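# Residue-level structural notes
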Amino acid sequence: FEADACIVDKHPGYAITEMGKNYAAENAIPLVEVQHHEAHFAAVLAENNLLETEETVLGVIWDGTGYGSDGNIWGSEFFTYVNNRMKHFAQLNYFSILMGDKMAREPRLSALSLFDSDNDAVNLLREKFTSAEWSHFRNQLHINLQPVYTSSMGRFLDGIASLLGIADTVSYEGEAAMKLEALALQCKHPGTETYEFSLSGNKIDWQKMTGQLISDLKQQMPKENIAYKVHLSLAYLVEQMAMNAGVKKIAFSGGVMQNALLVDLLTDRLKENYELFFHQQLSPNDECISF
């Protein structure tokens, strides 16, 4: 086929990206590299006729993996968009990637990365590994001279799922987070309490939140209540970020937005004070980025 330009997901070494680069070179057409989460945001903006908006929109783009503009792996991104300009606004504090893509299939690795500095959590995690694995993976965390970090909301939820004993290994990416959602839906007496996040610059500190979660575990709060509290806390986090950004419009995309409970909680919490925009016909998953 003929094309005027080739647009690719910006990701060095990614096979599809390299194919696009080769196609552009062979056909002497312009190559446009687009950051993965910006493509998600652009897709939901376009689907809701917001590309020409003169009012700032906050984009909440949460997923498992996307190559970030700083060379780390993103996945919990907040963007602002107005007058055809998109800016990165905030993300979760980074945590270490263990074993590359293996981390998506072994939520226990996410749990170890997130909770390695907490002695109570370490005692819970130790039994999930053999002695050789435990020594190797902890060494990877502590002595890796060229670490790669992630802000992935998908891996963040994976780690919580593993700590709660829901899933340590899975057969497909996102399975642990789906099981965490299913557990939260079993909560018969959901409260209004939330875990606390704090903002430092453009980084969202999650350590107080995870510390409070471990405290709930120690006090033997039912795990379904903890799972629900996690989801509710994420809805409150979006509200906090919208207030910080000073916006009234919020758009959502990314694989995490397939979580029906989270979407319901976001809608219930935000609908009175904000205009909310979700995908209508496109999937919030990666199928939308080509659009």
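Refer to the structure above for everything that follows.
Residue positions are given per chain, counting from 1 as you read along its sequence in written order. In keeping with the model being predicted, local features are shown solely for residues with a pLDDT of at least 70 and side-chain atom pairs are shown and tallied solely at 80 or more, while totals for entire chains, interfaces and linings include all residues. Computation of side-chain values covers all heavy atoms of the structure but excludes hydrogens and water.

## Considerations on helix α4 (residues 107-115)
Along an α-helix, a turn takes 3.6 residues, which lines up residues three or four apart on a common side. With nine of nine residues buried, α4 is to be regarded as a mostly interior element. For every residue, the accessible area obtained with a 1.4 Å probe (protein chains only) is divided by the maximum for its type, and the residue is called buried under 20%, exposed over 50%, and partly exposed between those limits. Secondary structure elements are taken from DSSP: a helix is a run of H or I of four residues or more, a strand is a run of E of two residues or more, and numbering for both begins at the N terminus. Those residues of α4 that fall on the buried side of the exposure criterion are Pro 107, Arg 108, Leu 109, Ser 110, Ala 111, Leu 112, Ser 113, Leu 114 and Phe 115.

## Some details on the environment of Met 103
Within the secondary structure layout, Met 103 lies in helix α3 (residues 102-105). In this structure Met 103 comes out as buried when scored by relative accessible area, which is 2%. Residues Met 103 and Ser 117, spaced 14 residues apart in sequence, show a C-alpha to C-alpha distance of 18 Å. For this analysis, residues touch if any pair of their heavy atoms sits within 4.5 Å. Setting aside residues up to four positions removed in sequence, Met 103 forms contacts with Phe 95, Ser 96, Ile 97, Leu 98, Leu 109, Ser 110, Ser 113 and Arg 155.

## Here we look at the packing of aromatic side chains
Think of it this way: a Phe, Tyr or Trp ring, Trp meaning its six-membered ring, pairs with another when their centres are within 6.5 Å, and the plane angle makes it stacked under 30 degrees, edge-to-face over 60, tilted otherwise. This model, assessed by the stated rule, comprises nine aromatic pairs. Relative to Phe 78, the ring of Trp 62 lies with its centre 5.9 Å away and its plane at 85 degrees, an arrangement referred to as edge-to-face. With Trp 62 in strand β3 (residues 57-67) and Phe 78 in strand β4 (residues 73-82), this pair connects stretches of sequence that are 16 residues apart. Here Trp 62 matches Phe 78 in class, with each residue buried. An aromatic cluster is defined as three or more aromatic residues linked by ring pairs; in this entry it consists of Phe 41, Phe 79 and Tyr 81. Lysine NZ or arginine CZ positioned within 6 Å of the ring centre and within 35 degrees of the ring normal marks a charge as sitting over the ring. Sitting over the ring of Tyr 274, Lys 248 keeps its end group 5.1 Å from the ring centre. Over the face of the ring belonging to Tyr 236 we find Arg 269, whose NZ or CZ atom lies 4.0 Å from the ring centre.

## Comments concerning the nonpolar core
Counting 69 residues, the largest nonpolar core has Trp 62, Phe 78, Phe 156, Leu 213, Ile 250 and Phe 252 as the members making the most contacts within it. Here this core gets eleven residues from one element, more than from any other, and that element is helix α10 (residues 223-245). Put simply, a nonpolar core is a bunch of buried Ala, Val, Leu, Ile, Met, Phe, Trp, Tyr and Cys residues held in one set by side-chain atoms that sit within 4.5 Å of each other.

## Let's talk about the environment of Lys 249
Checked against the element boundaries, Lys 249 lands in strand β10 (residues 249-253). For Lys 249, a relative accessible area of 9% gives the class buried. It is 5.6 Å that separates the C-alpha atoms of Lys 249 and Tyr 274, two residues lying 25 residues apart in sequence. Excluding its chain neighbours within four sequence positions, the residues that come into contact with Lys 249 are Glu 55, Thr 56, Val 57, Leu 58, Glu 275 and Phe 277. Nitrogen and oxygen atoms within 3.5 Å of one another constitute a polar contact, given that in protein one can donate a hydrogen and the other can accept it, and given that sequence-neighbouring residues count only through two side-chain atoms. A polar contact is formed between the side chain of Lys 249 and the side chain of Glu 275, at a distance of 2.7 Å.

## Here we look at a nonpolar patch on the surface
Any residue with relative accessible area above 30% and no salt bridge may belong to a patch, with like charges joined within 9 Å and the nonpolar Val, Leu, Ile, Met, Phe, Trp and Tyr side chains within 5 Å. Accessible surface is estimated by sampling points in the Shrake-Rupley manner with a 1.4 Å probe; for residues, cover comes only from the protein chains shown. We define a salt bridge as a contact between a side-chain nitrogen of Lys or Arg and a carboxyl oxygen of Asp or Glu at a distance within 4 Å. Residues Tyr 14, Ile 16 and Met 19 make up a contiguous nonpolar surface patch of roughly 330 Å² in combined accessible area. Mapping Ile 16 onto the fold places it in helix α1 (residues 15-27). Judged by relative accessible area, which is 52%, Ile 16 ranks as exposed.

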